[in-house]
Amino acid sequence: MKKTHKIILGSLVVLLVLGGVAWKMLAPRVLAGVQDLLLKQVNSSINGRLEIGSLDFSVLGSAVLKKVVLFDKAGKQIAAGDEIDISYKFDDLLGGKFGIDSVKSVSVEKLNLQFGIDKNGRWSLLDIVKPQAERPAIFRGKVAVKDGVVAVTTATWQRTFSELNGNLDYENAPVVAVDLKGKMGKSLIAAKGTWTPDDKTQLALTVDSLEIAEAQGMLPATNTAPRFSAGLLKDVRANLIQDKSGIQTTGEAVLSGLAMTMQGKPLQDGSAKLKLQGKTVTLTDGSVVLDGNKLLIAGSFDFAPASPTLSLQVSGAGVNIASLAGSKASLAGMLSFQADVSGSLDKTVAKGVFRLPTGKMDENPITDGEGTFSYAGDVLTIQSASLKALGGSL
């Protein structure tokens, strides 16, 4: 190595050592000044207030914020994080032009966030950042979430998502790439897709299993809405698109172990394959047990109206008449039937046909019974019927 090179390298080493010693001596004073400057500039850019417990620098342009709390303009806490690692443009900070676009990446541990979504799909978080007409603030970095908790409130439901991990990528802002995993209650969930504030959201959602009671609050509230007491949705796959016209949802799932009360009647052991298109749920291979009788069900529920409407085909074989009509009914036996069910959850109507191979009417044996029936207003009416009894036909 040439002597000149040795002198240059030696000088660099000395400068690094002296720089490190100076940084150790001056760091507390510098950090205090930088923290005040950071808070001042950030708070001037938001509709609210940011508080920082402590601030540590590893190298220039990188900071670790601990015990960070964000308040909205009304003074309500909306976010908190145990530790936030930030990579930013140091020149912007020193130049007095620090803004959201000065941040390159953010990593948040133990995030606790609360926000709302109004009926138009607007997120309350969008009101936090002040508009900057002269120098629009656009964040184009990444946000990594580690073990977060997020509480979301809408006009119709409230849910808390826990153990959230994943990333939000703002590189193509205003389009945000979303890749998150976590839990809703005991259910594992995953969301992947894009979100564009005030424009369009497209997410692919997956849930390994979901307690049906968790979905109760997401259904339209009506006085006669079915009340779920048990049941499990498995292999949930959904696609959600939200824009200014509203929310469109498609998906599928497998239902098992359903227990519910509908119009005062207990239904047990319900199962079906479900498909969702908008606000219409289609059932295939469905079945449910009513008073010990297994009924097969196919068709759809439309949740768009205030009171969801029905379009179902229901059938049963070996159905005990006494269990449905009561022990005092004049007709007894095991029948089979097919019916078309329509109307709404609070005003269900049905029309169908039945067959009664053998049975009794007022204790008299009958055979070859068949006919048509209707159901409305909690009243079952036999429209027409024929049977053989006492050696003749009726």
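Everything numeric in this text was worked out from a predicted model, so none of it was measured.

## Overview of the overall build of the chain
Per the secondary structure count, the chain includes 4 helices and 21 strands. Each of the 394 residues in the chain was classed as buried or not, and the buried ones make up 37%. In the chain, the proportion of contacts linking residues at least 24 apart, taken out of those at least 6 apart, comes to 40%. Counting only carbon and sulfur atoms, one obtains 58% of the accessible surface of the chain, whose full area is about 23000 Å².

## Some words on the confidence of the model for the chain
Per-residue confidence for the chain gives a mean pLDDT of 78, with 77% of residues at or over 70. Under a pLDDT of 50 for its full length, residues 1–30 has, in the predicted model, 4 contacts with residues more than four places off or in other chains.

## Remarks on unusual backbone geometry
We note that E163 has phi near 50°; this positive angle belongs to a residue other than glycine. With respect to the helices and strands, E163 occurs in strand β7 (residues 158–169). Classification of E163 by relative accessible area gives partly exposed; the value is 41%. Its identity as a non-glycine residue notwithstanding, D368 has a phi of 55°, on the positive side.

## So, the layout of surface pockets
Of the pockets and cavities examined, the second largest pocket occupies roughly 260 Å³. Considering the residues around the second largest pocket, the lining is formed by 17 residues, among which D72, I78, Q114, S124 and I128 are closest to the centre. Breaking the lining of the second largest pocket down by element, the ones donating at least two residues are β3 (77–88), β5 (112–116) and β6 (142–153). Of all the elements, β5 adds the most residues to the lining of the second largest pocket, at 3 residues. Class assignment for the residues of the lining of the second largest pocket results in 6 nonpolar, 7 polar and 4 charged.

## Points about the pairing of strand β14 (residues 280–290)
Both faces of the sheet carry side chains from a regular strand, because those side chains alternate between them. The pairing of strand β13 (residues 265–277) with β14 spans 8 bridges and is antiparallel. From the neighbouring strand, L267 faces β14, where its bridge partner is L290. Counted between consecutive antiparallel strands, the loop separating β13 from β14 contains 2 residues, among which G278 sits at a positive phi close to 65°. Where β14 folds back onto strand β15 (residues 293–302) in an antiparallel hairpin, the turn is made up of 2 residues, including D291, whose phi is positive at roughly 50°.

## Here's the deal with the side chain of S287
The residue S287 is located in strand β14 in this model. Discounting residues that sit within four places of it in the chain, S287 has contacts with D269, G270, S271, K294, L295, L296 and I297.

## With respect to the nonpolar core
Ranked by size, the top nonpolar core spans 81 residues in total, and within it L50, L65, Y170, L233 and F337 carry the most contacts. Apart from the residues lying within four places of it in its own chain, the contact partners of Y170 are F139, R140, G141, V143, V175, V176 and W195.

## Observations regarding the environment of D291
Counting through the fold element by element, D291 comes out in the loop between β14 and β15. Exposure remark for D291: the relative accessible area of 44% places this residue in the partly exposed category.

## Observations regarding the pattern of salt bridges
By the definition in use, this model includes 6 salt bridges. A salt bridge links D82 to K67; the nearest nitrogen and oxygen atoms lie 3.8 Å apart. In this pair, D82 is assigned in strand β3 and K67 in strand β2 (residues 62–72), connecting sequence segments 15 residues apart. On the accessibility criterion, D82 (38% relative accessible area) is partly exposed. Here K142 makes a salt bridge to D169, at a shortest N to O gap of 4.0 Å. On the criterion of sequence distance, the pair formed by K142 in strand β6 and D169 in strand β7 is long-range, its members being 27 residues apart. Under the relative-accessibility criterion, D169 is labelled buried at 19%.

## Concerning the packing of aromatic side chains
Counted under the stated rule, the structure contains 1 aromatic pair. Residues F337 and F373 carry aromatic rings whose centres are separated by 6.3 Å and whose planes lie at 75° to one another, so their mutual orientation is edge-to-face. With F337 in strand β17 (residues 331–343) and F373 in strand β19 (residues 364–376), the pair connects residues that are 36 residues apart, well separated along the chain. An identical accessibility class is assigned to F337 and F373; each is buried.

## Let's talk about the pairing of β17
Pairing of strand β16 (residues 309–320) with β17 involves 7 bridges; the strand directions are antiparallel. Within the sheet, the bridge partner assigned to V319 lies in β17 and is L335. A loop of 4 residues connects β17 with strand β18 (residues 348–361), the two strands running antiparallel in sequence.

## A word on the environment of I86
Note that I86 resides in strand β3. Overall, I86 belongs to the buried group, its relative accessible area being 16%. Counting along the chain gives 24 residues from I86 to S62, while the straight-line C-alpha distance between them is 5.7 Å. With residues near it in sequence (within four places) discarded, I86 still touches G61, S62, A63, L65, V103 and S105.

## Comments concerning the side chain of T249
Within the secondary structure, T249 sits in strand β12 (residues 246–262). Setting aside its immediate chain neighbours within four residues, T249 contacts N239, L240, L276, Q277 and G278.

Thresholds applied
- Position numbers for residues start from 1 in each chain and track the written sequence from start to end.
- Per-residue local features are limited, in this predicted model, to residues with pLDDT of at least 70; the limit for side-chain atom pairs, both in listing and counting, is 80 or more; totals at the level of whole chains, interfaces and linings are taken over all residues.
- Side-chain numbers here rest on the full set of heavy atoms in the structure, without hydrogens or water.
- Secondary structure counts use DSSP, requiring at least four H or I residues in a row for a helix and at least two E residues in a row for a strand, with both numbered from the N terminus.
- Buried means the residue's accessible area, taken with a 1.4 Å probe over protein chains only, is under 20% of the maximum for its type, while exposed means over 50%, and partly exposed covers the values in between.
- What makes two residues a contact is simply this: any of their non-hydrogen atoms within 4.5 Å.
- The Shrake-Rupley method, run with a 1.4 Å probe sphere, supplies the accessible areas, and residue values consider only the shown protein chains as cover.
- Along the chain, pLDDT gives the predictor's confidence residue by residue, from 0 to 100.
- Grid points spaced at 1 Å over the protein atoms alone were grouped into cavities, where a 1.4 Å probe fits but cannot get out, and pockets, open sets with protein on both sides within 12 Å along at least five of seven lines, with lining residues defined by an atom within 4 Å of a point.
- Grid points are joined across faces, edges and corners, and a volume is the space filled by probe spheres set on the points.
- When residues are sorted by character, Ala, Val, Leu, Ile, Met, Phe, Trp, Tyr, Cys and Pro go into the nonpolar class, Asp, Glu, Lys and Arg into the charged class, and all the rest, Gly among them, into the polar class.
- At least two bridges found by DSSP between two strands are what make those strands a pair.
- Among buried residues, the Ala, Val, Leu, Ile, Met, Phe, Trp, Tyr and Cys ones that are joined through side-chain atoms within 4.5 Å form a nonpolar core.
- Criterion for a salt bridge: a side-chain nitrogen of Lys or Arg within 4 Å of a carboxyl oxygen of Asp or Glu.
- Here a Phe, Tyr or Trp ring, Trp counted by its six-membered ring, pairs with any other such ring whose centre lies within 6.5 Å, and the pair is stacked when the planes are under 30 degrees apart, edge-to-face when over 60, and tilted otherwise.

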